Amino acid sequence: MGLPEIIIDLNKIRQNTETVLALARPFGIEVVGVTKVFLGEPRIAGAMLAGGVRMLADSRLENLFKLKQAFPDVPLMLLRLPGISQVEETVRLAKVSLNSEIRVLEALAAEGRNQGKVHGVIVMVDLGDLREGVWPEDLPDFIGQVLPLEGIKLQGLGVNLACYGGVVPTEANLGRLVELAASLEEKFEIRLPVISGGNSASLPLLLEQRMPADVNQLRVGEGIVLGRETVKRQIIPGAAGDAFTLRAEILEAHEKPSVPIGEVGQDAFGQVPAFVDEGRRRRGILALGRQDVPTEGLSPRDGRLKIIGASSDHLIVDLSGASELEIGSVLEFDLSYGGLLGAMTSPYVHKRYI
Ligand SMILES: *Cc1c(COP(=O)(O)O)cnc(C)c1O
């Protein structure tokens with residue numbers, strides 16, 4: 001065993017998947033399991049599959065490659081818009097991708113014909129979050145250009161909210177997505193079987209029974225891995241918020257003042273730090289730093305502890321309330337989404353599956 005480590009409870013991932021699926025099922029909503037925060041690691045993705053998801057989604061082709069190797073029969077979705085340079089791999093690895101550029105769709109169609117496949121396409125609509133998506137007024141023209149393309153199949157419309165602009169999914173904006181799809185179906189005499197209504201930020205609409213009818217797919221990552229919705233970051237009833245535990249060791253535990261001695265200039269990251277004088281405190285220095293995890297994304301499980309600060313290789317924790325903790329003691333932390341992303345991505349954080 002090496003430290004720092006992240007312990008991943010696969011049973012909790014499976015149970016959280018079951019909980020989210022049970023929440024979505026009465027609304028006729030399919031949940032696609034999003035694997036990007038854990039780099040498409042097959043053991044965790046496998047727990048999502050055991051919990052009942054039938055499709056996996058990731059933003060990166062490298063991760064889709066791993067998933068395809070591990071689960072050749074599971075359909076995969078590419079979440080990030082494919083770049084024009086990624087068209088060949090996208091068609092090879094993903095059954096469906098999210099799109100908003102006609103030139104890319106033309107290239108996907110040509111590549112689909114080339115590989116003898118029909119690549120599924122969901123056209124993203126920007127409903128105000130200002131990340132990816134076609135602007136609603138431009139949608140009819142855009143779809144008019146997509147429909148004649150052979151080698152791809154338009155499956156429906158999608159939206160992503162609460163990511164860049166922080167726009168909250170509501171009955172109104174998701175209702176607009178449903179209306180846009182209906183008007184396209186009428187105008188072009190087509191069927192759009194998929195209305196992909198967003199990410200974990202759309203889960204509160206399920207909890208409050210306010211999800212517009214006809215939304216029939218959600219792409220859920222954080223809701224499963226951290227067991228919570230992402231508007232107010234509240235735990236989903238019945239889900240576990242502690243499927244991941246970060247553990248790190250105390251290297252030094254000395255009593256010291258809380259304000260540095262001497263002239264204060266810039267710290268290691270170019271910031272001039274500010275200090276509050278709380279007198280002498282017992283300070284633990286841990287073998288965990290910004291090269292392991294964005295330390296803002298950590299919260300100690302033990303309520304008596306408080307994070308004071310961090311540098312590249314060290315985390316400083318106030319241990320004054322916990323006199324039994326000594327060098328060699330191991331502290332446990334919960335992780336935010338950003339913290340989890342960093343810990344899973346860092347080669348220095350050992351991964352342990354239970
Ligand atoms: C990351 C992502 C998701 C999943 O987001 P969560 O908040 O983790 O549920 C869904 N859709 C797209 C397009 C994404 O990039």
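Please refer to the structure higher up on the page.
Residues numbered from 1 in each chain as written. Predicted model: local features only at pLDDT ≥ 70, side-chain atom pairs only at ≥ 80, totals over all residues. Heavy atoms only, no water.

What about the pattern of salt bridges?
At step 1: Tallied over the full model, the rule gives 23 salt bridges.
At step 2: In this structure, the salt-bridge partner of R191 is E185, at a minimum N-O distance of 3.6 Å.
At step 3: Since its relative accessible area comes to 60%, R191 is described here as exposed.
At step 4: A salt bridge links E326 to R282; the shortest N-O distance between them is 3.6 Å. (Salt bridge = Lys/Arg side-chain N within 4 Å of Asp/Glu carboxyl O. Buried < 20%, exposed > 50% of the residue type's maximum accessible area, 1.4 Å probe, protein only.)

Some words on the pairing of strand β5 (residues 96-99)
At step 1: Both faces of β5 are covered, namely the face carrying V96 and L98 and the face carrying S97 and N99.
At step 2: Direction of pairing for strand β4 (residues 76-78) relative to β5: parallel, over a ladder of two bridges. Residue pairing across strands places M77 opposite V96, the latter belonging to β5.
At step 3: Handedness of the crossover joining β4 and β5 through helix α4 (residues 87-93): right-handed.
At step 4: Pairing analysis gives four bridges linking β5 to strand β6 (residues 119-124), with the strands arranged parallel. Within the sheet, the bridge partner assigned to L98 lies in β6 and is I122. (Helix = DSSP H or I, 4+ residues; strand = E, 2+ residues; numbered from the N terminus. Pairing = 2+ DSSP bridges. Right-handed = clockwise from strand over helix to strand, strands pointing away.)

Let's talk about the site of the ligand
At step 1: Around the ligand lies a shell of 14 residues, among which K36, S200, R219, G221 and E222 are the nearest.
At step 2: The contact in question runs from an oxygen atom of the ligand to an N or O atom on the backbone of E222, over 2.8 Å.
At step 3: Considering the ligand on its own, with 390 Å² of exposed area, one finds that the protein chains cover 93% of that surface.
At step 4: Split into classes, the residues belonging to the shell around the ligand amount to five nonpolar, four polar and five charged. (Near = heavy atom within 4 Å. Polar contact = N/O pair within 3.5 Å; in protein donor to acceptor, adjacent residues only side chain to side chain. Areas by Shrake-Rupley, 256 points an atom, 1.4 Å probe, with all protein chains shown as cover. Nonpolar A, V, L, I, M, F, W, Y, C, P; charged D, E, K, R; others polar.)

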